[in-house]
There are 2 protein chains.
Amino acid sequence: MPDCVTVTDAVSLPTGFTAHVANIGIKDSTTDFLVVASERPAAASAVFTRSRFAGPSVLLSRQHVADGRLQAALVVSKNANVATGAQGAANAAELAAGVGAALGCPPQDVLVTSTGVIGRQYPMERIRAHLATLSAPPYPVTEAVTAATAMMTTDTVAKFAEATVGAARIVGLAKGVGMIEPDMATMIALVFTDAEVAPADLDRSFRSVVERTFNSLSVDTDTSTSDTAAILANGAAGPVDLDAFTAGLDAVCRSLTRQLARDGEGATKLLVVQVDGARDDAQAKRVAKAIVNSPLVKTAVHGADPNWGRVAMAIGKCFDDTDIDQERVVIRFGEQQVYPGDVDEAGLERLSATMAAEEVTITAALAIADGSWTVYGCDLSDQYIRINADYTT
Amino acid sequence: MPDCVTVTDAVSLPTGFTAHVANIGIKDSTTDFLVVASERPAAASAVFTRSRFAGPSVLLSRQHVADGRLQAALVVSKNANVATGAQGAANAAELAAGVGAALGCPPQDVLVTSTGVIGRQYPMERIRAHLATLSAPPYPVTEAVTAATAMMTTDTVAKFAEATVGAARIVGLAKGVGMIEPDMATMIALVFTDAEVAPADLDRSFRSVVERTFNSLSVDTDTSTSDTAAILANGAAGPVDLDAFTAGLDAVCRSLTRQLARDGEGATKLLVVQVDGARDDAQAKRVAKAIVNSPLVKTAVHGADPNWGRVAMAIGKCFDDTDIDQERVVIRFGEQQVYPGDVDEAGLERLSATMAAEEVTITAALAIADGSWTVYGCDLSDQYIRINADYTT
């Protein structure tokens, strides 16, 4: 599936979408302000973090997408506007109003997202001054890489992907490297398409894809207060086959998920965990998450150490899954079975090579029924510690 | 409470308990074989890991303690005997039989525990040769530090504590530095007392204490396949007041819990998280665990970074606790309130000093009702990664 996705600097936004990118000095001199606008109102769907400390951007945007219609998405990066009280809520509303005024659309048609440090107010004077200069679309930026770059905080690479469905294109942008175990969406992922899709179909398709992609990603078990994944479909390319659309959307979101995992804070490897033979998909996901989130599994992967006992331990942590029988479980690293059975010296060498690769796949077969799930994560390195021990100070 | 506990090399096992300590070459030349024997059958209670990959030692010992009586506890360190199949189960039974034969007690009165690498068979020839030479008690070792040292794997210090209750003493031994988020017990904690306590009272007292101590400890969210906490009361010192006994037991187990957290793999600090004002104790524990287990909170503590936004994030992860209202939550580092409210420059300096201490306390008040809980953990350092990226190879 991922091979029908394009990830090159030549990827441009779909027809009818343009972007405004700027630096307004939120934290430093890199781009930190992104508006992606549609030339016309678009069908829209979005899923958000379930955090009890969800930021004002999430609370506001949840209302704005409720009618299934958006015309623009705004991203402020380097400041999350979270735990900022009534002032933070007023600021988020002012941003939506300002962008809406420039576009000539109601503030309710603007999705507001924000990512960065928690607990600080926006520099509203600078933001107001910038909003006052914001013109009406079309905007000059159409390259996906430029738009995705403006969303970055501690990301080391811009993350975007494109798929084609008939005459339409689906282009996704994402950011996020830490505080990532989305329970509804990754930190911020925005998908734009010129396909014409009815809001109800768009919502159903998007939610099913998000569940298998962004919601199957974990860098560090920490769930952001700002998680948002949204899609805007402006219809400029006309109608498409819905199944083909969902497949293309899945490919784009899966590519973004893999890019997010691979760029996890301090990560040197992509870790893919597949569980099958589970009682149901939910159990498969639970077990896969236990493995991909285990710091002992993650450090073993980092050290290219074929210490499969830690995978057994992680499966064992699913206490309430009393139908898991350690006598029937089979564990594989790559293609090679490591449990049950003895691994000889030659096998150990092959395992070390498997573990040293840039992508490591661990499979657990539970032999209960036919539930299955795949989750995406990364190794845990010294660099994760250094990045996060020194972040705000 | 902890100041009524003694932790010095002078601590000896209670009356009627003696220890046999040896090296039988399980992995290296350090002591790896410990038998603590009572001169008479003792009332006993134990709690074990709920892991679905629980090892043969746990499965066997669960049966042995079912009648509330034990005469000895055996610890094999450096090999967990986990995921070893029918052979591993037979080996555990052979160990119990061998120790029982030396003591002249049924194998069912021997608690078998084992800790170390997963997925390897014991070197049974060496173990058999050693068991054949094992004499009847009393054994030569009575120092707690020597017994606790024989339990160590990657522990950097021996962990033990003593409390006095009337004429009786309570002495606990513990080991464990990683793969520690006990859901029933820490890796291995053995408590011996010469107090006379009826089995039912002992069981009730021990379970209530374990819940607030070992089960409130987390080093890295990974639950061991070998977790065992057990107590043996041989009655040699006669009866005691049950409340005083429980208080003394709590002090010993709390001291061991703090020692375990402080010696967590790579840890440089003890992290204590207190949650109060919760709907009930269970909610307080859930929120406290979310904070103490957050890798972003742990790395901030490691870096002495007063990044309280991460504590807000961690609280926010308790999605299903919909009665948590971010407008009413109060967060403190040490004595200092950090949320809500602005921290000025002087406050930031005080915070940095608080965070740089060897023990950091984080408090969250939820303002819902009066549930409260305290959990114990540690910071997350580069050293944790190094230890665990290179463990078996």
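Residues numbered from 1 in each chain as written. Chains lettered and ligands numbered in written order. Predicted model: local features only at pLDDT ≥ 70, side-chain atom pairs only at ≥ 80, totals over all residues. Heavy atoms only, no water.

**Digging into the relation of the copies chain A and chain B**
Next, step 1: Mapping chain A onto chain B calls for a screw motion: a turn of 180° about the axis and a shift of 0.0 Å along it, with 0.0 Å RMSD after fitting. What we have between these two chains is a two-fold relation. Residue Asp382(A), judged by its C-alpha, is the member of chain A lying nearest the rotation axis, at 2.4 Å. (Least-squares fit on C-alpha atoms with pLDDT ≥ 70 in both.)

**Let's talk about the nonpolar core**
Next, step 1: Counting residues in hydrophobic clusters, the biggest one holds 86 residues, and the most contacted among them are Ile291(A), Ile315(A), Ile291(B) and Ile315(B).
Next, step 2: Dropping the residues within four chain positions of it, Ile315(B) is found in contact with Phe53(A), Val287(B), Ile291(B), Ile324(B), Val329(B), Ile331(B) and Ala364(B). (Core = buried A, V, L, I, M, F, W, Y, C linked by side-chain atoms within 4.5 Å. Buried < 20%, exposed > 50% of the residue type's maximum accessible area, 1.4 Å probe, protein only. Contact = heavy atoms within 4.5 Å.)

**Topic: the sheet that holds strand β11 (residues 336–339) of chain A**
Residue and element names in this part refer to chain A.
Next, step 1: Taking strand neighbours across the sheet as the criterion, the five strands line up as β11-β10-β12-β9-β13 in an open arrangement whose pairing is mixed. This sheet does not close on itself; its edge strands, each paired only once, are β11 and β13 (371–378). Strand-to-strand twist across the sheet, computed as the mean angle between neighbouring axes with direction ignored, equals 20°.
Next, step 2: Here strand β9 (residues 270–278) runs beside strand β12 (residues 359–365); their pairing, made up of seven bridges, is parallel. (Pairing = 2+ DSSP bridges. Helix = DSSP H or I, 4+ residues; strand = E, 2+ residues; numbered from the N terminus. Axes fitted to C-alpha atoms, helices over the stretch in contact; angles between N-to-C directions.)

**Points about helix α8 (residues 295–302) of chain B**
Residue and element names in this part refer to chain B.
Next, step 1: Judged by how many residues are buried, α8 sits mostly within the fold: eight of eight residues are covered.
Next, step 2: Turning to α8, its buried residues number three or more, namely Pro295, Leu296, Val297, Lys298, Thr299, Ala300, Val301 and His302.
Next, step 3: In the stretch just after α8, Ala304 is the one whose phi turns positive, near 55°.

**Overview of a negative patch on the surface**
Residues and elements named next belong to chain A.
Next, step 1: Residues Asp342, Asp344, Glu345 and Glu349 make up a contiguous surface patch of negative charge.
Next, step 2: Within the secondary structure, Glu349 sits in helix α10 (residues 345–356).
Next, step 3: Given a relative accessible area of 59%, Glu349 falls into the exposed group. (Patch = residues over 30% accessible without salt bridge, like charges linked within 9 Å, V, L, I, M, F, W, Y side chains within 5 Å. Areas by Shrake-Rupley, 256 points an atom, 1.4 Å probe, with all protein chains shown as cover. Salt bridge = Lys/Arg side-chain N within 4 Å of Asp/Glu carboxyl O. Lys, Arg positive; Asp, Glu negative; His and termini not counted. Charge placed at Lys NZ, Arg CZ, Asp CG, Glu CD.)

**Overview of the interface of chain A and chain B**
Next, step 1: Taken together, the contact between chain A and chain B spans 55 residues of the former and 55 residues of the latter.
Next, step 2: Carbon and sulfur atoms supply 59% of the area buried between chain A and chain B, which totals about 4,800 Å² over both sides.
Next, step 3: Of all residues in chain A, Arg52(A), Phe53(A) and Phe319(A) bury the most surface against chain B, accounting for 18% of the area lost on that side.
Next, step 4: Applying the counting rule to chain A against chain B returns two salt bridges.
Next, step 5: Of the charged contacts in the structure, one is a salt bridge between Arg386(A) and Asp382(B), with a shortest N-O distance of 2.8 Å.
Next, step 6: Contributing elements (two or more residues each) for the side of chain A that touches chain B: α8 (295–302), α9 (309–316) and α11 (382–389) of chain A. (Buried area = accessible area lost by both parts, 1.4 Å probe.)

**A few points about the sheet that holds strand β9 (residues 270–278) of chain B**
All names here are of chain B.
Next, step 1: Pairing within the open sheet is mixed, and its five strands lie in the order β11-β10-β12-β9-β13. Edge positions in the open sheet fall to β11 (336–339) and β13 (371–378), since each of these has one partner strand only. Along the sheet, successive strands turn relative to each other by an average axial angle of 20°, direction set aside.
Next, step 2: In the packing of helix α10 (residues 345–356) onto the sheet, the strands contacted are β10 (330–333), β11 and β12 (359–365), and the crossing angle to β11 comes to about 110°.

**With respect to the side chain of Lys78(B)**
Residue and element names in this part refer to chain B.
Next, step 1: Residue placement: Lys78 occurs in strand β3 (residues 69–79).
Next, step 2: Look at Lys78: it is buried, it has no salt bridge, and the nearest opposite charge is Asp28 at 4.8 Å.
Next, step 3: Side-chain polar atoms of Lys78 contact the side chain of Thr30, separated by 3.1 Å.
Next, step 4: Among the polar contacts made by the side chain of Lys78, one reaches the main-chain carbonyl oxygen of Thr31 at a distance of 3.1 Å.
Next, step 5: Other than its neighbours up to four places away in sequence, Lys78 contacts Ile26, Lys27, Asp28, Thr30, Thr31, Asp32, Thr115, Gly116, Val117, Met152 and Thr153. (Polar contact = N/O pair within 3.5 Å; in protein donor to acceptor, adjacent residues only side chain to side chain.)

**Structural notes on the pairing of strand β8 (residues 228–233) of chain B**
Residues and elements named next belong to chain B.
Next, step 1: Extensive coverage of β8 is indicated by the burial of six of its six residues.
Next, step 2: Relative to β8, strand β2 (residues 33–48) is paired through six bridges, and the arrangement is antiparallel. Bridge pairing in β8 places Phe48 opposite Thr228.
Next, step 3: Of the pairings in the sheet, the one linking strand β7 (residues 188–193) to β8 comprises six bridges and is parallel in character. Across the sheet, residue Leu190 finds its bridge partner in β8, namely Ala230.

**Section: the confidence of the model for chain A**
Note that predicted coordinates carrying low pLDDT should not be read in detail.
Next, step 1: Confidence in the prediction for chain A averages 88 pLDDT; 95% of positions are at 70 or higher.
Next, step 2: Here the prediction assigns the complex a pTM of 0.79, and the interface score ipTM is 0.75. (pLDDT = per-residue confidence, 0-100.)

**Considerations on the pattern of salt bridges**
Next, step 1: Per the stated rule, a full pass over the model turns up 34 salt bridges over all chains.
Next, step 2: A salt bridge links Arg169(B) to Glu162(B), with the shortest nitrogen-to-oxygen separation between them at 2.5 Å.
Next, step 3: Accessibility expressed as a relative area gives 19% for Arg169(B), which makes it buried.
Next, step 4: Between Lys285(B) and Glu211(B) there is a salt bridge, with the nearest N and O atoms lying 3.0 Å from each other. With a gap of 74 residues between them, Lys285(B) in helix α7 (residues 281–293) and Glu211(B) in helix α5 (residues 199–212) connect regions that are remote in the sequence.
Next, step 5: Here Glu211(B) falls in the partly exposed class, since its relative accessible area comes to 33%.
Next, step 6: The network of salt bridges with shared partners includes Arg279(A), Arg286(A), Asp321(A) and Asp323(A).

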